[in-house]
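# A look at the structure
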Amino acid sequence: MSYLEYCSFSLFLLIIAMFIVRGGTLMYTLAIIDDEILSIKCIENFLARYDKYSFNIISAKSGREALAKFSEETPDILLVDIKMPGMDGFELIEKVQKYYNPWVKAIMGSGYSDFEYCKKAFQVKAFDYVLKPVKATELYAALEKVIDELENENFQRVNMDRIKIEGIIKELLFDNNQMLEKEIKYEKIKSLMSNPIYFCSMLRVLENSKEEKPVDRLVELNKCVDLILQRFSHKKYEIIYFQVSDIEFVLIGNVIEQFDVNIILKNIQQYYNDMGLHICIGISPVFSDLSQLNEKYIEAT
C-alpha cells in the first residue's frame, strides 16, 4: 500500500487541538485513618485548600473500619495515626501492603518524636513521618514527595509493560516460529492496550537536505510519542512503536474512537514539520480483533 502524505492540517482540527489540554496527574485515592475525628477533619480541611493535587478521600476511625472500606476501594496513599486502639498504624500498613496494595505509600503521624517510632515506621516501609498536630505545610511537602515517588513507580511499571508488549508484537509480526499460543499473546497485549480500537501505522522519516546535524530518529519518535501521551492523557491512548530500518518505524496504537487515530497521526506530522523533517505515514484501517494484526501491518506498509 502506498504511503499517505499528511502535509497540512485543517483550521478546524488545529482549533480543536488548541482546546484539548493535558489531563495531568492521575487522581490518587488517599485514606485518612485516625481515632480522633478532629484530626481527620483537620486533614480534610487542609486537603480541600490544597490546589496542587486532588484526591479521592477515604476516612476511617480505626484500622478495622479502614480495611472494611479498602475491600471496596484500594488506597494509593495512607495518612495513618500510629497509636490507635485495637490495630495500630504499623499493623494496618502491613495488612494493606500484604492484602490490598503492595505499592501503597504511607505517611505516619504521631504526637511523639521518639526515635523508636521513627525506626519502626521505616521498618514497615512507611514513606514519611510527620508530627501531630500536623501542619499544612508539612503535610503538603510529604504528599508531594509521595506523589513524585508514585508517578516514578507508575512510569517504570508502564515502561516495563510496554517493553514486554513490544516484544510480543514483534513475535507476532516477524517470527513465524513464535506463532504458538497466539491467544495468550493477544490477551497479554490487551492487558496494556485495552481500548476497543487498534490501528497499525508505518512511519518513514525522510532525509532533509536542510538538516545541519544528523537526527536520531528513534529518539525523536520517543519524544514525539511521550508528548502526545502527556498532551492527551485524558484520552488514555496507548502507543507501542519500534524501529524496523534506518528510517522506518512501526507504530501500533490503541484508542477509544476512530477520530483519535487522526489526532495522533496529525500530531506526529506536526511534530516533524516543526523540526523541519519530512515524514510519510502509512496507515491501516482500524480494527478490534488482534488476530488481524498481521493483515493490518501489511496494509499499512
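Residues numbered from 1 in each chain as written. Predicted model: local features only at pLDDT ≥ 70, side-chain atom pairs only at ≥ 80, totals over all residues. Heavy atoms only, no water.

Here we come to the overall build of the protein. Per the secondary structure count, the protein includes ten helices and nine strands. Taken across its 301 residues, the protein has 44% of its residues classed as buried. Counting only carbon and sulfur atoms, one obtains 53% of the accessible surface of the protein, whose full area is about 16500 Å². (Helix = DSSP H or I, 4+ residues; strand = E, 2+ residues; numbered from the N terminus. Buried < 20%, exposed > 50% of the residue type's maximum accessible area, 1.4 Å probe, protein only. Areas by Shrake-Rupley, 256 points an atom, 1.4 Å probe, with all protein chains shown as cover.)

As a further point, take helix 8 (residues 217-231). Because each turn of an α-helix spans 3.6 residues, side chains separated by three or four positions in sequence point in the same direction. Across its 15 residues, helix 8 extends 21 Å between first and last C-alpha, which sits within 8% of the 21 Å expected from 1.5 Å per residue. If you check which residues of helix 8 are buried, you get Arg 217, Glu 220, Leu 221, Cys 224, Val 225, Ile 228 and Leu 229. Its side-chain oxygen placed 3.2 Å from the backbone nitrogen of Leu 218, Asp 216 serves as the N-cap of helix 8. (Expected span 1.5 Å × (residues − 1). Polar contact = N/O pair within 3.5 Å; in protein donor to acceptor, adjacent residues only side chain to side chain.)

Moving on: the pairing of strand 9 (residues 279-283). In terms of burial, strand 9 is a largely internal element, five of the five residues being buried. Neither face of strand 9 is left uncovered, since the one carrying Ile 279, Ile 281 and Ile 283 and the one carrying Cys 280 and Gly 282 both have all their residues buried. Summarising the sheet, strand 6 (residues 197-205) and strand 9 pair through five bridges and their orientation is antiparallel. The residue bridging Ser 201 from the neighbouring strand is Ile 283, located in strand 9. (Pairing = 2+ DSSP bridges.)

As a packed pair, helix 8 and helix 9 (residues 258-275) sit with axes 10 Å apart at the nearest point and diverge in direction by 130 degrees. Relative to helix 9, the element helix 8 lies oblique. Both helix 8 and helix 9 take part in a crossing whose hand is right-handed. The residues of helix 9 that touch helix 8, namely those facing Arg 217, Glu 220, Leu 221, Lys 223, Cys 224, Leu 227, Ile 228 and Arg 231, are Ile 264, Asn 267, Ile 268, Tyr 271, Tyr 272 and Met 275. Tallied by class, residues from the contact of helix 8 with helix 9 come to nine nonpolar, one polar and four charged. (Axes fitted to C-alpha atoms, helices over the stretch in contact; angles between N-to-C directions. Parallel < 35°, antiparallel > 145°, perpendicular 65-115°, else oblique. Left-handed = near helix turned anticlockwise from the far one by under 90°. Contact = heavy atoms within 4.5 Å. Nonpolar A, V, L, I, M, F, W, Y, C, P; charged D, E, K, R; others polar.)

Here we come to unusual backbone geometry. With an omega of 0 degrees, the peptide bond running from Lys 132 to Pro 133 counts as cis. With respect to the secondary-structure elements, Pro 133 resides in the loop between strand 5 (128-131) and helix 6 (136-174). In the Ramachandran plot, Lys 236 falls in the positive-phi region, its phi being about 55 degrees despite a non-glycine side chain. Looking at where Lys 236 falls in the secondary structure, it is placed in the loop between helix 8 and strand 7 (238-243). Judged by its relative accessible area of 55%, Lys 236 is exposed.

Summary statistics for the protein give a mean pLDDT of 82 and a share of 82% for residues scoring 70 or more. Confidence drops under a pLDDT of 50 for residues 1-25, and excluding neighbours within four residues, the segment shows 49 contacts in the predicted structure. (pLDDT = per-residue confidence, 0-100.)

Let's shift gears to the sheet that holds strand 1 (residues 28-33). Pairing is parallel across the open sheet formed by five strands, whose spatial order is 2-1-3-4-5. Both edges of this open sheet fall to strand 2 (55-60) and strand 5, since each of them pairs with a single strand only. Averaged over all neighbouring strand pairs, the angle between strand axes comes to 20 degrees, with direction disregarded. As paired strands, strand 4 (residues 105-110) and strand 5 are joined by four bridges and run parallel to one another. Its bridge partner lying in strand 5, Gly 109 is registered against Val 130.

Bringing the pattern of salt bridges into the picture now. Considering all chains together, one arrives at 17 salt bridges under this definition. A salt bridge links Glu 153 to Lys 105; the nearest nitrogen and oxygen atoms lie 3.0 Å apart. With Glu 153 in helix 6 and Lys 105 in strand 4, the pair connects residues that are 48 residues apart, well separated along the chain. With a closest N to O distance of 3.8 Å, Lys 296 and Glu 299 form a salt bridge. Of the two residues, Lys 296 and Glu 299 are both situated in helix 10 (residues 293-300); the distance of three residues between them amounts to about one turn of the helix. According to the relative accessible area criterion, Glu 299 is partly exposed, its value standing at 25%. Members of the salt-bridge network, linked through shared partners, are Asp 34, Asp 81 and Lys 132. (Salt bridge = Lys/Arg side-chain N within 4 Å of Asp/Glu carboxyl O.)

It is worth spelling out the packing of helix 3 (residues 63-70) against helix 4 (residues 89-99) at this point. The interhelical angle for the contact between helix 3 and helix 4, taken along N-to-C directions, is 15 degrees, at an axis separation of 10 Å. Put simply, helix 3 runs roughly parallel to helix 4. Read as a crossing pair, helix 3 and helix 4 show a hand that is right-handed. Facing Gly 63, Ala 66, Leu 67 and Phe 70 of helix 3, the residues of helix 4 in contact are Leu 92, Lys 95 and Val 96. Across the contact of helix 3 with helix 4, the residue classes tally to five nonpolar, one polar and one charged.

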